[in-house]
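A look at the structure
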Amino acid sequence: MDLQRLEGILSRYACQPADLIPVLQDIQDSYNYLPKDELKVVAERLHLPLAQVFSVATFFTMFSLVPKGKHVCKVCVGTTCHLKGGQRLAESLSNRLGVDIGYTTKDMNFTLETVACLGSCAQAPVMMIDDTYYARVTVDKVPKILKKYQ
Amino acid sequence: MPFIESVDHLTEYRRRVRAARDPQQLQVLVCGGPGCLPLGSEELAAAFAAEMEARGIAGKVLLKTTGCHGLCSHGVRVLIRPQEISYQKVTVEDVPEIVETTLLSGGVVERLVYHHPESQAPCPHKMDIPFYQTQNPLVLRKLDVIDPESLDDYLALGGYRTLRKILFQMTPEQVIEAVEKSGLRGRGGGGFPTGRKWRLCREAQAQPKFVICNGDEGDPGAFMDRAVMEGDPHAVIEGMIVGGYAIGAMRGYIYVRHEYPLAVKRLQKAIDQAREFGLLGTNILRSNFSFDIQISQGAGAFVCGEETALIASIEGKIGEPNPRPPYPVQAGLFGLPTVINNVETWANVPEIINMGPEWFAAMGTDKSKGTKIFSLVGAVNNTGLVEVPMGTSLRQIIFGMGGGIAHNREFKAVQTGGPSGGCIPPQYLDLPVDYDSLQQVGSIMGSGGMIVMDNHDCMVDVARYFISFLMEESCGKCTPCREGLKQLITILNEITTGKGEAHHVDLMEDICQTMATASLCGLGQSAANPVRSTLKYFREEYERHIRDKKCPAKVCRQLLIYTIDPNECTSCLACVRECPVGAISGPKKEPQVIDQDICVKCGLCVDACQFDAVKVE
Ligand SMILES: Cc1cc2nc3c(=O)[nH]c(=O)nc-3n(C[C@H](O)[C@H](O)[C@H](O)COP(=O)(O)O)c2cc1C
């Protein structure tokens with residue numbers, strides 16, 4: 001376990017129980033997931049039962065207990081995107097990447113996720129790879145977009 | 001930036017900012033709102049910067065990336081001021097021509113302006129465009145003018161004037177009275193009178209108290225809160241300071257969902273600026289009022305938009321709702337009195353105090369005052385954000401501002417209120433949009449999402465979509481919601497895959513009734529609305545699925561048959577490459593054929609085909 005890295009995160013907080021979610025967010029950002037051993041330390045330092053730390057870590061969709069890929073691809077399946085084929089877009093990506101939604105490719109390059117709404121409904125269907133938005137992504141545009149990340 | 005020490009200092013600083021500005025200053029305002037950003041606002045702004053530099057006018061023309069300009073379907077939008085020339089669908093390639101024609105020569109690039117759909121007349125100025133003409137923007141009014149990262153821009157337009165007014169001319173009691181008189185009701189969905197909420201909190205005994213801004217915006221299809229947080233963050237902050245002063249709180253929280261990284265960044269920047277300036281912190285403007293704000297990021301759960309779940313999440317717990325009462329005004333954050341309001345509610349506050357409650361109450365209907373922002377999306381020609389007085393009819397919004405249904409299709413329904421809302425059929429197009437009327441027809445205002453559907457959208461599929469969304473998002477704490485949604489989705493999946501049975505409709509109605517009566521929080525209580533409203537207005541469509549195993553809108557994939565029209569197939573093999581199960585084959589350079597025994601009816605071949613050769617029956 002990289003205790004120094006974890007301490008670096010914890011040192012930014014007063015380590016009150018209310019700091020749990022921000023601390024977990026920082027760990028998720030820094031490690032790309034929530035490693036188990038680190039969670040044990042967090043529970044100790046925030047004076048929380050480990051069970052509560054795990055309940056929070058598993059409740060919210062942004063947390064992951066397994067490492068995510070180098071790139072995270074979020075396909076919007078909000079209402080407008082649903083009507084305009086967001087679900088098919090997600091399926092097409094799943095086929096092309098050879099990975100189920102919510103999982104990471106074997107080479108750890110891509111994690112494929114769906115999200116409730118990215119808020120760019122006027123450009124449906126939309127997806128986001130890392131911090132870049134892609135507008136009006138019809139299935140036929142997928143190969144070209146994926147190429148940029150492979 | 002200076003530290004503002006007193007009221008006079010603030011007035012003086014504002015005067016200086018204004019004096020330094022030339023009203024005739026040529027400005028290029030590139031929309032960086034939620035709709036235009038994915039179309040390349042950043043690249044476009046960079047292209048303008050480079051071209052203006054190359055043409056030697058970089059110092060003379062002011063370039064800004066702003067918040068949402070409203071008409072997202074025609075993005076990326078660029079506004080040229082002071083003429084207010086409004087360009088649409090601008091790409092990097094158009095930049096040299098705009099610089100040459102408009103910035104250097106004062107003319108208009110006609111091919112980039114909106115053309116009136118009927119007369120075909122060009123509409124070069126913003127106010128020539130019908131979409132904008134009939135709106136009444138209060139909350140959105142600054143979004144296409146100010147740089148959201150500039151406090152000076154906000155101050156120049158009168159920002160933080162309200163702060164000065166409340167701190168030195170009004171008692172907290174008077175502030176609450178004004179908000180009560182204005183008739184402002186919560187914009188987050190419930191429509192609870194904001195003034196009354198503040199009063200209840202002020203009257204609560206325990207200390208300290210808190211204010212919270214609900215920026216969770218969980219309704220899929222709604223993005224007005226995102227646009228406001230990203231485009232005019234100081235308005236939200238100023239509103240919260242007013243609320244804090246009114247109820248006697250010293251701390252505020254803004255809860256933003258993590259899918260909105262730009263909103264977080266802009267709000268944080270605005271908070272830092274306000275602090276540095278002395279507009280947040282201890283003894284603001286040397287009054288004895290102290291107030292500060294921090295951001296709390298959501299971790300991705302729809303139910304966290306519900307106030308008690310949101311509070312639990314700020315406290316570091318899982319986002320499960322708690323029974324009310326006690327209401328947050330009595331026992332909210334950390335068990336202390338808390339006022340929680342929606343982003344748009346907060347953003348309305350400064351102008352209400354500034355202009356007076358009568359001004360605000362003069363807009364809208366008897367019971368719903370002021371304006372409301374709607375995100376108008378789906379099957380209309382003009383999609384984007386519109387802000388209209390409460391009571392504007394659905395027809396005015398959809399056919400006026402929205403420009404009617406795209407591709408000359410037929411209007412079928414409009415879904416309002418997000419997953420807790422309902423689908424409203426054509427016979428109610430003249431309904432005035434306010435809290436109460438929408439409820440009467442089985443929907444709700446919600447946060448203002450308006451998703452327009454045409455005859456290519458299937459109402460059973462829409463109900464199935466919302467129920468599956470809610471099932472994913474139900475926290476699972478109470479049984480009616482957890483199990484009810486599970487059963488509803490099982491039935492809806494059967495109906496949409498051709499396994500529906502005659503008794504399913506009654507069964508669903510029964511489940512809906514139980515969920516509405518017995519669920520713990522608003523999520524479960526209203527979760528049945530999408531099913532109930534579609535059953536009420538589109539029962540025939542359910543019956544077609546159940547009885548004839550047909551989907552009239554051709555959406556439910558398991559009820560369709562896919563074939564390739566040999567006359568239109570160009571043998572490009574795009575569908576063959578896309579098909580996940582290898583169902584499409586044929587000799588080289590000849591039309592391809594779909595093997596019905598292998599086809600899993602995923603529909604990807606339809607999307608992959610650029611020649612419309614894949615037919616659906
Ligand atoms: C399931 C559920 C989700 C909600 N989501 C939101 C939301 O995303 N944003 C919001 O402002 N209010 C949301 N609300 C309403 C809040 O509980 C609360 O009423 C609101 O924040 C109060 O602010 P207002 O009075 O200014 O509307 C939600 C309610 C429920 C039951």
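Further up the page is the structure itself.
Summary of the structure given here. Counting restarts for each chain, with residues numbered from 1 along the sequence as it is written. All chains are assigned letters beginning at A, and all ligands numbers beginning at 1, according to the order in which they are written. Under the rules for a predicted model, residues below a pLDDT of 70 receive no local features and side-chain atom pairs below 80 are neither given nor counted, while totals for whole chains, interfaces and linings still include all residues. Hydrogens are left out, water is left out, and the side-chain values use all remaining heavy atoms of the structure.

A look at the sheet that holds strand 15 (residues 449-454) of chain B
Residue and element names in this part refer to chain B. Spatially, the five strands line up as an open sheet ordered 12-11-15-13-14, and their pairing is mixed. The strands lining the two open edges of the sheet, one partner per strand, are strand 12 (384-389) and strand 14 (422-424). This sheet shows a mean twist of 30° between the axes of neighbouring strands, independent of strand direction. Here the rule is simple: two strands pair whenever DSSP picks up at least two bridges between them. Each helix corresponds to a stretch of at least 4 residues labelled H or I by DSSP, and each strand to a stretch of at least 2 residues labelled E; elements are numbered beginning at the N terminus. In this analysis, axes come from line fits to C-alpha atoms, helices being fitted only over the stretch in contact, and the angle between any two N-to-C directions falls in the range 0 to 180 degrees.

Describing the pairing of strand 1 (residues 27-31) of chain B
Remark: a regular strand shows side chains that alternate across the two faces of the sheet. Residues and elements named next belong to chain B. Think of it in three bands: residues with accessible area under 20% of the maximum for their type are buried, residues over 50% are exposed, and the middle band is partly exposed, with areas taken using a 1.4 Å probe on protein chains only. The buried fraction of strand 1 amounts to five of the five residues, a majority that puts the element mostly inside the structure. Side chains of strand 1 alternate between two faces, with Gln27, Leu29 and Cys31 and Val28 and Val30 buried alike. A crossover connection joins strand 1 to the parallel strand 2 (residues 62-66) through helix 2 (residues 41-54); in handedness this β-α-β unit is right-handed. Bridge count between strand 1 and strand 3 (residues 78-81): four bridges; the pairing is antiparallel. Across the sheet, residue Leu29 finds its bridge partner in strand 3, namely Leu79. When the strands point away from the viewer and the path from the first strand over the helix to the second turns clockwise, the crossover is right-handed.

Overview of the site of the ligand
Residues and elements named next belong to chain B. Only a single heavy atom is needed: when it lies within 4 Å of a molecule or strand, its residue is near that molecule or strand. In the region of the ligand, 18 residues are neighbours, and Gly188, Asn214, Asn341, Asn342 and Thr345 sit closest. Definition of a polar contact: a pair of N or O atoms within 3.5 Å, with one able to donate and the other able to accept a hydrogen when the atoms are protein atoms, and with sequence-neighbouring residues admitted only if both atoms are side-chain atoms. A distance of 2.9 Å separates an oxygen atom of the ligand from a polar atom in the backbone of Glu307. One of the backbone N or O atoms of Ile340 is found 3.5 Å from an oxygen atom in the ligand. Its free accessible area being 610 Å², the ligand has 89% of it covered by the protein chains. Cavity and pocket criteria rest on a 1 Å grid covering protein atoms alone: a 1.4 Å probe that fits but cannot get out defines a cavity, protein on both sides within 12 Å along at least 5 of 7 lines defines an open pocket, and an atom within 4 Å of a point defines a lining residue. A pocket or cavity is taken to hold a molecule when more than half of that molecule's atoms are within 2 Å of the pocket's grid points. Of all the cavities here, the one that holds the ligand is the second largest pocket. Where the shell around the ligand is concerned, the elements lending two or more residues are strand 10 (338-342) and helix 20 (522-526). Each accessible area is a Shrake-Rupley result for a 1.4 Å probe, and residues are judged covered by the shown protein chains and nothing else.

Examining the pattern of salt bridges
Residues and elements named next belong to chain B. Any Lys or Arg side-chain nitrogen found within 4 Å of a carboxyl oxygen on Asp or Glu counts as a salt bridge. Applying the stated criterion across every chain yields a total of 44 salt bridges over all chains. Among the salt bridges present, the one from Lys181 reaches Glu358, with a minimum N-O distance of 3.9 Å. Here Lys181 is found in helix 7 (residues 172-182), whereas its partner Glu358 is found in helix 14 (residues 357-361), with 177 residues between them in sequence. On the accessibility criterion, Glu358 (51% relative accessible area) is exposed. Connected via shared salt-bridge partners are Glu149, Lys265, Arg266 and Lys269.

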